[in-house]
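Observations on chain architecture
In case you want the letters, here they are:
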Amino acid sequence: MSKIEALLAEYLSECREILSKAEENVLELENRFDQETVNSLFRYIHTVKGNSGIFEFKNLFRLSHLLENLLGQLREKKISITKELIDLLLCSIDRIKNMLNNIAEESSIPIDDLVERIKNFGIEKQTLSIENKPTDPNLTVKQRKIPDEFAKLAQEKKQNLFVIYFDLHQQKFPFITDFFDYTNQFSDWILHKEIIEENVLFLEEEKEDSVPYYLVILSPISMNEFLQKYPLEVIETFSIYEIIPSNVAESTPQLDIKKNTESNQETHIKVRISLLDDLINLVGETIITRNQLLQRFSLTNDSEEGIVLSRLSQLITQMHDKVMHTRLQELNLIYQRINRVVRDTARTLNKEVNLKMEGGEVELDKTMIDVIGDSIIHIIRNSMDHGLESIEDRTKLGKNPIGTIRLSAMLQSGNVQLIIEDDGRGISPEFIKNSAIKKGVISTEQASKMSDEEVIDLIFLPGFSTASQVTDVSGRGVGMDVVRTSFKKLGGSVKLYTKVGQGMKIVASLPQTVSVVSCLFIKTDDMRLAIYRKNIIELIQFEDDKYSFVNNHEMYNFRDRMIPVVNLRKLLFPEEAYKRPQLLVIVQTDIYYYGILFDEMIEFQEIVVKPLGEFFTELKMFSGATIMGDGEPVIIIDVTGIGEFASLPTMSSIKQELKQVVSRSFDLNGYLLFISSGEFFASNSTSVICIEKVERSSIEYLSGKEVIQYRDTIIPVRRIEHILQIPEKESKFTYAFLIIISVDKEFIGILVDEIVDVVKEVTILDIKDNPHNFILGQSIINKTSTLILDLHKMFKKMSNTESNQRKISL
Amino acid sequence: MKIQILTWKSNNQLYGTNIQNCHEVQKDVHVLKVPHSKKYISGIVNLRGEILTVLDLPAILGLKEKANDGNSVIIRMKNKSKQIALKVDSIEQVLNITSDKIEDASLHLNGKELEFIPQVAYSDSGFILLLDIEKLFIVR
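Because the structure is a prediction, the values reported are computed rather than measured.

A closer look at the overall build of chain B
Tallying secondary structure elements over chain B gives two helices and 11 strands in all. Taken from the N to the C terminus, the helices and strands of chain B come in the order β-β-β-β-β-α-β-β-β-β-α-β-β. Looking at chain B as a whole, 48% of its 140 residues are labelled buried. Put simply, of all contacts in chain B between residues at least 6 apart along the chain, 56% involve residues at least 24 apart.

Thoughts on the sheet that holds strand 11 (residues 126-130) of chain B
All names here are of chain B. Taken in spatial order, the six strands make up an open sheet running 8-1-2-11-10-9, and their pairing is mixed. The open sheet is flanked by strand 8 (90-98) and strand 9 (102-104), the only strands paired with a single partner. On average, each strand axis in the sheet is inclined to that of its neighbour by 35°, with strand direction left out of account. Here seven bridges tie strand 1 (residues 2-10) to strand 8, and the two strands are oriented antiparallel to one another. Directly across from Lys2, in strand 8, lies its bridge partner Thr98.

Quick look at the interface of chain B and chain A
Listed per partner, the contact involves 26 residues of chain B and 26 residues of chain A. Of all residues in chain B, Pro35(B), His36(B) and Ile51(B) give up the largest surface area on contact with chain A, accounting jointly for 32% of the area buried on that side. A salt bridge links Glu614(A) to Lys82(B); its shortest N-O distance comes to 3.0 Å. Taken together, the elements giving at least two residues each to the side of chain B that touches chain A come down to strand 4 (41-47) and strand 5 (50-56) of chain B. Class assignment for the residues of the side of chain B that touches chain A results in 14 nonpolar, seven polar and five charged.

A closer look at the pattern of salt bridges
Taken as a whole, this structure holds 35 salt bridges over all chains when the rule is applied. Residue Asp423(A) pairs with Arg394(A) through a salt bridge whose shortest N-O separation is 3.0 Å. Taken together, the residues Asp423(A) in the loop between strand 11 (415-422) and helix 15 (429-439) and Arg394(A) in helix 14 (residues 391-396) connect sequence positions 29 residues apart. Among the ionic pairs, Arg76(B) bridges to Glu24(B), the shortest N-O distance being 2.9 Å. Taken as a pair, Arg76(B) in strand 6 (residues 72-78) and Glu24(B) in strand 3 (residues 22-29) lie far apart in primary sequence, 52 residues in all. Of the two residues, Arg76(B) and Glu24(B), both sit in the buried class.

Things to note about a nonpolar patch on the surface
Residues and elements named next belong to chain A. Side chains of Ile269, Val271 and Leu275 sit close together on the surface and give an oily, nonpolar patch of about 310 Å² of accessible area. One can find Val271 in the loop between helix 9 (257-267) and helix 10 (273-296). A relative accessible area of 42% means that Val271 is categorised as partly exposed.

A look at the side chain of Ser779(A)
Residue and element names in this part refer to chain A. When you line up the elements, Ser779 lands in strand 34 (residues 775-781). From its side chain, Ser779 meets the backbone oxygen of Thr763 in a polar contact 2.8 Å long. Ignoring anything within four residues of it in the chain, the contact list for Ser779 reads Val762, Thr763, Thr784, Ser785, Thr786 and Ile788.

With respect to the sheet that holds strand 21 (residues 593-598) of chain A
What links the strands of a sheet is backbone hydrogen bonding, and the strands pair in either a parallel or an antiparallel sense. All names here are of chain A. Spatially, the six strands line up as an open sheet ordered 16-20-21-19-18-17, and their pairing is mixed. In this open sheet, the two strands that pair with only one neighbour each are strand 16 (536-541) and strand 17 (547-550). On average, each strand axis in the sheet is inclined to that of its neighbour by 35°, with strand direction left out of account. Relative to strand 21, strand 20 (residues 583-588) runs antiparallel, the two being bridged by six bridges.

Here's the deal with the packing of aromatic side chains
All names here are of chain A. Summed over the entire model, instances satisfying the criterion amount to 16 aromatic pairs over all chains. Through a chain of ring-to-ring contacts, three or more aromatic side chains come together here, namely Phe162, Phe186, Trp189, Phe226 and Tyr230. Looking at Arg75, its charged tip hangs above the ring of Phe42, at a distance of 3.9 Å from the centre. Lying across the ring of Phe460, Arg484 places its NZ or CZ 3.9 Å from the centre.

Observations concerning unusual backbone geometry
Despite not being glycine, Ser647(A) has its phi angle at roughly 50°, a positive value. Along the chain, Ser647(A) turns up in the loop between helix 20 (639-645) and helix 21 (651-660). We classify Ser647(A) as exposed; its relative accessible area is 53%. Phi is positive for Asn12(B), close to 65°, though the residue is something other than glycine. Within the fold, Asn12(B) resides in the loop between strand 1 and strand 2 (13-18).

Some words on the pairing of strand 25 (residues 671-676) of chain A
The two faces of the sheet receive side chains in turn, since in a regular strand these alternate between them. All names here are of chain A. Within strand 25, six of the six residues are buried, which leaves the element mostly enclosed by the surrounding structure. Here strand 25 shows a buried face lined by Tyr671, Leu673 and Ile675 and a second buried face lined by Leu672, Phe674 and Ser676. Here strand 25 pairs with strand 33 (residues 754-759) via five bridges, running antiparallel. The partner of Leu673 across the bridge, within strand 33, is Asp757. Pairing between strand 25 and strand 26 (residues 679-684): six bridges, direction antiparallel.

Quick look at helix 6 (residues 148-157) of chain A
Residue and element names in this part refer to chain A. Here helix 6 has its buried residues at Phe150, Ala151 and Ala154. Around the axis of helix 6, the buried residues are gathered within 95° of arc, so they sit on the same side. Opposite its buried face, helix 6 presents the exposed residues Glu149 and Glu156, each directed more than 90 degrees away. The positive-phi residue at the C-terminal boundary of helix 6 is Lys158, with phi of around 55°.

Looking at helix 2 (residues 35-54) of chain A
Taking 1.5 Å per residue as the helical rise, helix 2 of chain A with its 20 residues ought to reach 28 Å, and the 29 Å between its terminal C-alpha atoms agrees with that figure. Where helix 2 of chain A terminates, the next one or two residues include Glu56(A), which has phi positive at roughly 60°.

So, the confidence of the model for chain A
Close inspection of predicted coordinates is inappropriate for parts of the model with low pLDDT. Residue and element names in this part refer to chain A. Per-chain confidence: chain A averages 77 in pLDDT, with 82% of residues scoring 70 or above. The low-confidence segment residues 199-206, where pLDDT is below 50, has 13 contacts with residues more than four positions distant or belonging to other chains. Contacts of residues 656-667 to residues separated by more than four positions or lying in other chains number 25 contacts, the stretch itself having pLDDT below 50.

About the criteria used
- Residues numbered from 1 in each chain as written.
- Chains lettered and ligands numbered in written order.
- Predicted model: local features only at pLDDT ≥ 70, side-chain atom pairs only at ≥ 80, totals over all residues.
- Heavy atoms only, no water.
- Helix = DSSP H or I, 4+ residues; strand = E, 2+ residues; numbered from the N terminus.
- Buried < 20%, exposed > 50% of the residue type's maximum accessible area, 1.4 Å probe, protein only.
- Contact = heavy atoms within 4.5 Å.
- Pairing = 2+ DSSP bridges.
- Axes fitted to C-alpha atoms, helices over the stretch in contact; angles between N-to-C directions.
- Buried area = accessible area lost by both parts, 1.4 Å probe.
- Salt bridge = Lys/Arg side-chain N within 4 Å of Asp/Glu carboxyl O.
- Nonpolar A, V, L, I, M, F, W, Y, C, P; charged D, E, K, R; others polar.
- Patch = residues over 30% accessible without salt bridge, like charges linked within 9 Å, V, L, I, M, F, W, Y side chains within 5 Å.
- Areas by Shrake-Rupley, 256 points an atom, 1.4 Å probe, with all protein chains shown as cover.
- Polar contact = N/O pair within 3.5 Å; in protein donor to acceptor, adjacent residues only side chain to side chain.
- Phe/Tyr/Trp six-rings, centres within 6.5 Å; stacked < 30°, edge-to-face > 60°.
- Lys NZ or Arg CZ within 6 Å of the ring centre and 35° of its normal.
- Arc of directions from axis to C-beta.
- Expected span 1.5 Å × (residues − 1).
- pLDDT = per-residue confidence, 0-100.

This is how it looks when you write it as structure tokens:
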């Protein structure tokens, strides 16, 4: 890069920073006049002007020069802050930004429109110039004479003096007396009030029933504050004397330059981003090398080398932590942008918005801030456009006509939590459902089965915009699906909460740094894989009898909860032969809760996450990779991605489905009631894996024994009637039910005619002289005599003593 | 006009590309196959702390892909913003080729191969298929 290019790059970077600060100042001034803010704004524009002169950017120079003049007038109070002025300033700043971004075409970017406006601004206001000299006689405001005693009084009392013009008839009061009651609130401050008898020129359109009126106010609060506190439909306001909060009023502006710049230089320093990136890469590699060293050195802390290595390891971890923090920037960076966007959007939509922002000092990694900035702005625009009702609607509903949008950030155990909420109309699940059905996103049938939360979640599907017309404000570009993906890619999540009529709340969370994470390393089929520790609930040994197959899903009984499981080996290497898994890890994300079956556990380790690369972005089940101590790459699995890939039921759908399954979500401490050959039985259900409805014709014979196909294998079919030696009654139905239990690691199907119910408790009455341990007793259930059995014991005995046909008498 | 090309062999065919885009050659690296990935992706490899995607050249060209047997030879290739690794059978020489020895490949190839190999070159070592590596960076 040549010297000129380098200089230009620096100039552009500096100007952008300056303009950003200038914009901030302008937004501040919109709310409150502050001399210091005006001064610094003046200086910023002055700098931009000077710099552009060096490079001979003529348009830039001209525009900033005129702007500087305008600000000079503002500084000297020759003009006052009005909405038009703020608009003009913002417009000009935008134009300058545009020129900076397209610096090559700077000369072709038009500025004449702004030049005209600025010139007119100056001229118009100059004829009404009100000087801040209290001794000036005959301060006139459009032919109204304000006695100079007022101005003297203002100076003495050190209060603000201003005049408000309005039309009495335009005020919101039904009766004039209400208006006077209203003004009683600040009656102490009213120096003079007068109805203007003659129809003076100041009303642009002279309406017949208008009542022009003015108030001269002397108050301790500024004119802007006054108008915010006591809103009135004003036509025009004039500030005659204004109090400046500090004693800076006495000093001339130029002398302040030093004061400001000095304070900035002491605490911060500018660093090239590429330098920081290099630093981070180096630290990342240092960590990998450290891990390699630690591996080779399986240390005992007594050894000298062990102690030194341990210390070195600690230092490296700390260093990594600090380096990652260099990339942290305050959220205030986006907050400023948001402020501007909200202001502009409110104007476009004609809505009043009270934007509350908190937690700007919370820090987030720089790369993340850029990404989520767009998402946050999209969400807020959405709220403003679709969420907040119009001013009239809100008033009709009894809501504050000014809508509130609150953006807050919080740091919670290494995660940044962002909350964006509005008090608008909320999102109606019905509306979303209908919209989704219309768009063909879901079928009417699917829709009927969905819970409200699932319906709301549809918003996050790509292409889903319920706006009846894609408004320019929020309808295009970033969609809610992009928002969710952006957060997910950064390792975070987005949740939406809403109450119809009350508003909407979005809670997004992100890890604060893209840094070192803890992972569990496992092995399946000789391949190592990693799972993020934050997803892991528990790690347990796989037990066959807890595993079952319900309605085509593999399920596992985890602490009396049936959860879906996925066999990792089968998922990743479908061609490989089935091998019984040894271990099970229970994992959880926002929508999934399931178990992963695998072969071996290696260890927990802290690793640096690396992206897999764009060739793998479509593989949702993997979310990155890392380098192990031995230099080998290991893939990190994405728990949500695996859930999707394996079509696992989500947490809410499991609850619904289990209700529909024939066996229902039976309480494993309960009793299964069934009928076979006309007799009623009940069995404790702990050993029952599942119940399947089968066609009687599908029962086959193998070596003289009844068998049936169940999943991938053939299992024996047993009948209670045989064991109990009761006559088999022919069933009129073609189907039957198979109660599948696991005995000695094998499945057996017990054929019964009908499944009646599942009950929690049963009062078991002993049977006299009961020789069999598999008959637990009898009971009266639903007014019927029922025999209580332990199926497991029943058929366990039979498996062992096949040949012994014991005669049983009841 | 002369260009320097790095040549290699894949399935007994000689290929080459401008050496400016080749930044490194590694023999004997272990490539980890990623389950469910596309056929033309051999896998990923660790190259000095960075995870690099390894592409199988024959597969990309629509020829039969090579089985991942043991360790591989890879060439790290870069363009302005991205980098990938290409799995090859063996590295051959760096040759200086003059423009008169280069011609349009459409006379010799067609279909998918032509997409990736716009030109061919003649040399003492044989007939070289010149790869346009920009095409490799496009994810299909």
